[in-house]
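Structural description and commentary
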Amino acid sequence: MDRAALRLILLGVFLISASSDPVKKEQNVDVYSFYINSTVTSRYATTVITSRVANTLNESQEIQFEVKIPKNAFISKFRMTIEGKTYDGVVKEKEEAQQQYSQAVSRGQSAGLIKSVGRTLEDFKTSVAVAALSKVTFELTYEELLKRRLGKYELLINAQPMQPVADFKIDVHIQEKPGILFLEVKGDLSTGDLANAITTTRADKDAWVTFYPTRSQQTKCKSCGEKGMNGDLLITYDVERKNPKGDVVVSKGYFVHYFAPSDVPRIPKNVVFIIDRSGSMQGRKIEQTRLALLKILSDLDENDHFGLITFDREVSFWEHELLKATETNLKNAKSFVKEISDRGATNINAAVLAGVEMINRHPREGTASILILLTDGDPTSGETNIQKIMSNVKEAIGTKFPLYCLGFGNDVNFDFLTKMSLENNGVARRIYEDSDADLQLQGFYDEVAVPLLTDIQLKYPGGTNLTKTSFGLYFNGSEIVVSGQITDNSVESFTTEVIAVSKGRNVTYQDTKMTKDPSDVPPENEDFLQRLWAYLTVKQLLERQVLLEGQEKEDEKKEALKLSLKYQFVTPLTSMVVIKPQEGEVEVADKPKEGEAPHSPPVMHSHHTTQGHSSNSGIQYMQTDVDQNPPKEIPTYPAPKVDSAYFLLPVDGQSKPLCFDVPCLYKLRLLEDSASEFSMYGEYMWRFSKIAFRYKTDHRLTITKNVITYHHGQNQVEFLWSQEPTQHISEDVSLILRNNEIDVTMGNIRVVIFLHKENGLLFLWPAVQQQPKDGSLTGILAKTDATYEEIQGSQTPTLKINDQEVNASWVDVTDYRRSSKPVIKCWLVSFYAVMQRDISDFIIAKL
């Protein structure tokens, strides 16, 4: 579908601007907070982008919000908050929304847009008038089902806040019940200094990726500049596949079945490449096509058979029959490929029919046949009627094998290729004209290079409202996904069965392992399985629209529209509308409200100024001279003894982290770096009650369960945990107070301190987000290079750490390094086993 036609309609004073003055943006607009939070539960990803922006002018101005989202995703929520008033978008049928849009346009107003901006992303852009010295919060949510390709899933996150942002963070949580096999972080945002801002933690079935770059780092990467970051974070992973029958997740009357067996032999294939060599392919297109074909030929298995057809106004053959991929045949074929040159018109009809005939003339039992067409234009020779071409091809193939169409460039008739592929059980893929076009071609071939099963039928007794259950081919590295509802929510009577053909013989998979009602799914994602089913259903209904006609087409369109409206998906059938109140009401809402945050201390500006940037967007804080009496700390009392908390230690290449405890009451050295004159100490009573920072000679930060006090020279700043989100920036020190956490950056070290409450008790816990990679840090939290191996065959669990065998226990612990406090499993070992030093080496006399 042409997603460029999608429109998010914003009524009221919403305006759209194609571009904005970069100088004005830098000087008069302060993006003081930019968060991206992505949660992946059983491959279903929900991503929320939140941008908080302040108008620093003494007059009203337009403030723009622009983000890029994956093309495969559906926007499901858009919200704006202006001076405490919230405006939510509502998804409506496109025609109904269009009427409101037209009325808005007639009043001189405009709309937000979604448009394509490259291979994998779409651009969402809107702007809103914001009053003088006021703020706006934008929040956009989108959802997608991650697709497995070449043995991995990819979560693509784009960040382009248009300026360095003091409070910038990306948090990703991946939860996969079968377990996570591997996880990697790539992309432009993992290059240069930004690589140090990425923290990855794995714990069997969970993985967390955090990205907390400083303002300085946001200008130092492959795609960074004065305007900050502009690039992608690409997280790739795969899951454990211990059960070849697949995994089924069941929750609240819905199920999803992931089927990706790898324990079956590859099926020899018959593949015919049909290559457009018409005049429009001249230059780099034909060169890259030759390069890709040479590599693809080298990757053919010796049991495969292949053919090569080129066409312009005429059709040419390397050989008129399929030949086995022997060394001699491949050598001759490569010689043929090197001589392919551009010329003439485009006779697609004759070329594809010749490819079909070549496969039909040489049937081989126990094999899989594939037809791959590469073209960059419309048919201009021979049969040029598109409908007639599609009819001819469909009749010739007769559902016996798939046709894959690769459209080279932007001038190709991609709708034609898409429909012709879908009619013949294949897919169409656009190849973008770029320096890596040959790699794009090769990448597509790699996806279909190893067929494992044919004629796959999935059956679900006890299931209803199923997504697609019939598939012609299953390729190694891919995955078949089916979702549906469980009849009468009767899980006991629900079963699965997969019937397929492997090398000419029938195979059956039954009694798939089920995960019922996952108990540790976050509350905000508890309906993920229902939304996954709706997402997949709508996707497949929309895809089928190009194949259907008459009443059947209309019925499926209505069903897709019904689900889009129910689940608030922005699809080709819907638009999202945000109606803003009349200007009179908005003017009232724009006024500052007295006493909105009663627990916040009053704002007072010190006469002592500091160098560097100090952002006051959304800030309420106290600055006083040191010789003034600071507010008294709320009294605290010794906490009753509780079970000791555990320190978690990630291990490179392992999904099972180590953990250890400090069972006594100490003042501890947590982090020290003599090179940068940085230190962090903690007062530990089974939990932390106080944490203190020292940086250089004139920076001191003390954090307790009630108040946060920062000294810089003769200046003092105090924050209360209960106050509004706050930023304070001076020289190379940044303090960002959020809800129950304070983000501390001093030089090139970044630590987040969380305020937790458990069993009625408040306590602190540190999480190191960034530190020097040169090994100069010391302290309990400086340990980052732990390794171990499990000793097999011992009577009690035993690990080998630092060439020593130590006893271990496989335990559940709470990870206090995250606000959500997830419970994860770890290998509990002694303090000495991990640190190779006694606890006394980390004890200090005072903070």
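Residues numbered from 1 in each chain as written. Predicted model: local features only at pLDDT ≥ 70, side-chain atom pairs only at ≥ 80, totals over all residues. Heavy atoms only, no water.

1. Overview of the packing of aromatic side chains
Taken as a whole and assessed by the stated rule, the structure comprises 33 aromatic pairs. When the ring of Phe34 is compared with that of Phe168, the centres are 5.6 Å apart and the planes differ by 5 degrees; the resulting orientation is stacked. One end of the pair, Phe34, is in strand E2 (residues 29–41); the other, Phe168, is in strand E12 (residues 167–175), with 134 residues separating them in the sequence. Given a relative accessible area of 0%, Phe168 falls into the buried group. Taken together, a centroid distance of 6.1 Å and an interplanar angle of 20 degrees make the contact between Tyr567 and Phe569 stacked. Accessibility classification places Tyr567 together with Phe569 in one group, the buried group. Clustering of aromatic rings is evident, with ring pairs tying together Phe647, Phe660, Tyr684, Phe688, Phe763, Trp765, Tyr816, Phe831 and Phe842. Above the ring of Phe414, the side-chain terminus of Arg430 is found at 4.5 Å from the ring centroid. (Phe/Tyr/Trp six-rings, centres within 6.5 Å; stacked < 30°, edge-to-face > 60°. Helix = DSSP H or I, 4+ residues; strand = E, 2+ residues; numbered from the N terminus. Buried < 20%, exposed > 50% of the residue type's maximum accessible area, 1.4 Å probe, protein only. Lys NZ or Arg CZ within 6 Å of the ring centre and 35° of its normal.)

2. Details of the pairing of strand E31 (residues 505–510)
With six bridges connecting them, strand E30 (residues 497–502) and E31 associate as antiparallel partners. Note that in E31 the partner of Ser502 across the bridge is Arg505. Where E30 folds back on E31, the antiparallel hairpin that results is connected by two residues, among which Lys503 adopts a positive phi of roughly 50 degrees. (Pairing = 2+ DSSP bridges.)

3. Side note on the state of the cysteines
Under the defined criterion, the tally for this structure stands at two disulfides. Shown here is the disulfide that connects Cys221 with Cys224, its sulfur atoms set 1.9 Å apart. Between Cys221 and Cys224, the S-S dihedral sits near 90 degrees, and the bridge is therefore right-handed. Take Cys221 and Cys224: they sit in the same class, and that class is buried. Here Cys659 engages in a disulfide with Cys826; their sulfurs sit 2.1 Å apart. Measuring handedness by torsion sign, the sulfur bridge of Cys659 and Cys826 sits at about 75 degrees and is right-handed. Linking Cys659 in strand E36 (residues 658–661) with Cys826 in strand E52 (residues 823–828), this pair joins segments that are 167 residues apart in sequence. Judged by relative accessible area, Cys659 falls into the buried class, the value being 0%. Taking only the cysteines that form disulfides and numbering them from first to last, the protein chain has the pattern 1-2, 3-4. (Disulfide = S-S within 2.5 Å.)

4. Overview of the environment of Glu731
Along the chain, Glu731 turns up in the loop between strand E43 (726–730) and strand E44 (733–738). A relative accessible area of 37% places Glu731 in the partly exposed class.

5. Thoughts on empty space enclosed by the protein
Inspection of the entire model under this criterion finds two cavities of 30 Å³ or more. Computed from the structure, the largest cavity encloses a volume of approximately 100 Å³. In this structure, the largest cavity is lined by Phe273, Ile275, Thr289, Ala292, Leu293, Ile296, Ile372, Leu374, Leu406, Leu441, Phe444 and Tyr445. Elements that contribute at least two residues to the lining of the largest cavity include exactly strand E19 (269–276), helix H3 (284–299), strand E23 (368–375) and helix H8 (437–447). A breakdown of the residues in the lining of the largest cavity according to their chemical character gives eleven nonpolar, one polar and no charged. (1 Å grid on protein atoms, 1.4 Å probe; cavity = no way out; pocket = protein on both sides within 12 Å on 5 of 7 lines; lining within 4 Å. Points joined across faces, edges and corners; volume = space filled by probe spheres on them. Nonpolar A, V, L, I, M, F, W, Y, C, P; charged D, E, K, R; others polar.)

6. A short note on the packing of helix H9 (residues 528–544) against helix H10 (residues 550–566)
Here H9 crosses H10 at 150 degrees, and the two axes come no closer than 9 Å. By the angle between their axes, H9 is roughly antiparallel relative to H10. The way H9 lies across H10 gives a crossing that is left-handed. Where H9 abuts H10, its residues Gln530, Trp533, Thr537, Val538, Leu541, Leu542 and Arg544 lie against Glu552, Glu556, Glu559, Ala560, Leu563, Ser564 and Lys566. (Axes fitted to C-alpha atoms, helices over the stretch in contact; angles between N-to-C directions. Parallel < 35°, antiparallel > 145°, perpendicular 65-115°, else oblique. Left-handed = near helix turned anticlockwise from the far one by under 90°. Contact = heavy atoms within 4.5 Å.)

7. Description of the sheet that holds strand E50 (residues 804–807)
The three strands are arranged E48-E49-E50 in an open sheet whose pairing can be described as antiparallel. The sheet is open, and its two borders are formed by strand E48 (789–790) and E50, each paired with just one other strand. When strand E49 (residues 798–801) meets E50, the two strands line up antiparallel, connected through four bridges. Each bridged residue has a counterpart across the sheet, and for Leu799 the counterpart in E50 is Val806.

8. Here we look at the pattern of salt bridges
Per the stated rule, a full pass over the model turns up 39 salt bridges. Ionic pairing is found between Glu447 and Arg429, a salt bridge with its closest N-O pair at 3.1 Å. Of this pair, Glu447 sits in helix H8 while Arg429 sits in strand E25 (residues 428–431); the two residues are 18 residues apart in sequence, bridging distant segments of the chain. By relative accessible area, which is 18% here, Glu447 ends up buried. Overall, the relative accessible area of 24% leaves Arg429 in the partly exposed class. Among the ionic pairs, Arg544 bridges to Glu552, the shortest N-O distance being 3.5 Å. Taking the relative accessible area as the measure of exposure, Glu552 reaches 43% and is therefore partly exposed. Put simply, Asp167, Lys169, Asp171, Arg738, Glu741, Asp743 and Arg750 are held in one network by salt bridges that share partners. (Salt bridge = Lys/Arg side-chain N within 4 Å of Asp/Glu carboxyl O.)

9. A few points about the confidence of the model for the protein chain
Overall, the predicted model of the protein chain reaches an average pLDDT of 85, with 86% of residues at or above 70. A low-confidence stretch, residues 1–26 stays under pLDDT 50, and its non-local contacts, those more than four residues away or across chains, total 96 contacts. In the predicted structure, residues 581–642 sits below a pLDDT of 50 and forms 106 contacts with residues beyond four places in sequence or in another chain. (pLDDT = per-residue confidence, 0-100.)

10. So, the side chain of Lys68
Its place among the elements puts Lys68 in strand E4 (residues 61–70). At 2.5 Å, the side chain of Lys68 forms a polar contact with the side chain of Gln160. (Polar contact = N/O pair within 3.5 Å; in protein donor to acceptor, adjacent residues only side chain to side chain.)

11. Quick word on helix H7 (residues 414–423)
The buried fraction of H7 is high, at seven of ten residues. Buried within H7 we find Phe414, Phe416, Leu417, Met420, Ser421, Leu422 and Glu423. Asn425 sits one or two positions beyond H7 and adopts a positive phi of about 60 degrees.

12. Topic: the nonpolar core
Judged by nonpolar contacts, the single largest core of 56 residues is most densely connected at Leu658, Met680, Phe693 and Ile703. Counting residues in hydrophobic clusters, the runner-up holds 55 residues, among them Phe34, Tyr87, Val172 and Val578. (Core = buried A, V, L, I, M, F, W, Y, C linked by side-chain atoms within 4.5 Å.)

13. Topic: the sheet that holds E52
Sheets are built from strands paired through backbone hydrogen bonds, the pairs being either parallel or antiparallel. Taken in spatial order, the four strands line up as E35-E36-E52-E51 in an open sheet, and their pairing is mixed. This sheet does not close on itself; its edge strands, each paired only once, are strand E35 (646–649) and strand E51 (809–814). Across this sheet, the average inter-strand angle for adjacent strands is 50 degrees, counted without regard to direction. Of the strand pairs in this sheet, E51 and E52 are connected by six bridges, and their pairing is antiparallel. The residue bridging Thr814 from the neighbouring strand is Val823, located in E52.

14. Details of the environment of Asp743
Looking at the secondary structure, you find Asp743 in strand E45 (residues 741–746). For the pair Asp743 and Ile753, spaced ten residues apart in sequence, the C-alpha separation works out to 6.5 Å. The contact partners of Asp743, leaving out residues within four places of it in the chain, are Tyr212, Ser734, Leu735, Ile736, Arg738, Arg750, Val751 and Val752. A polar atom in the side chain of Asp743 sits 2.8 Å from the side chain of Arg738.

15. Topic: unusual backbone geometry
Here Asn740, not a glycine, exhibits a phi torsion of approximately 60 degrees, which is positive. Positionally, Asn740 belongs in the loop between E44 and E45. Despite not being glycine, Lys821 has its phi angle at roughly 50 degrees, a positive value. Tracing the sequence through the fold places Lys821 in the loop between E51 and E52.

16. A closer look at the packing of H3 against H8
For the pair H3 and H8, the least separation of the axes is 8 Å and the interaxial angle reads 35 degrees. Note on packing geometry: the crossing formed by H3 with H8 is right-handed. In contact with Gln288, Thr289, Leu291, Ala292, Lys295, Ile296 and Asp299 of H3, H8 contributes Ala437, Asp438, Leu441, Gln442, Tyr445 and Asp446. When grouped by side-chain class, the residues that make up the contact of H3 with H8 number six nonpolar, three polar and four charged.

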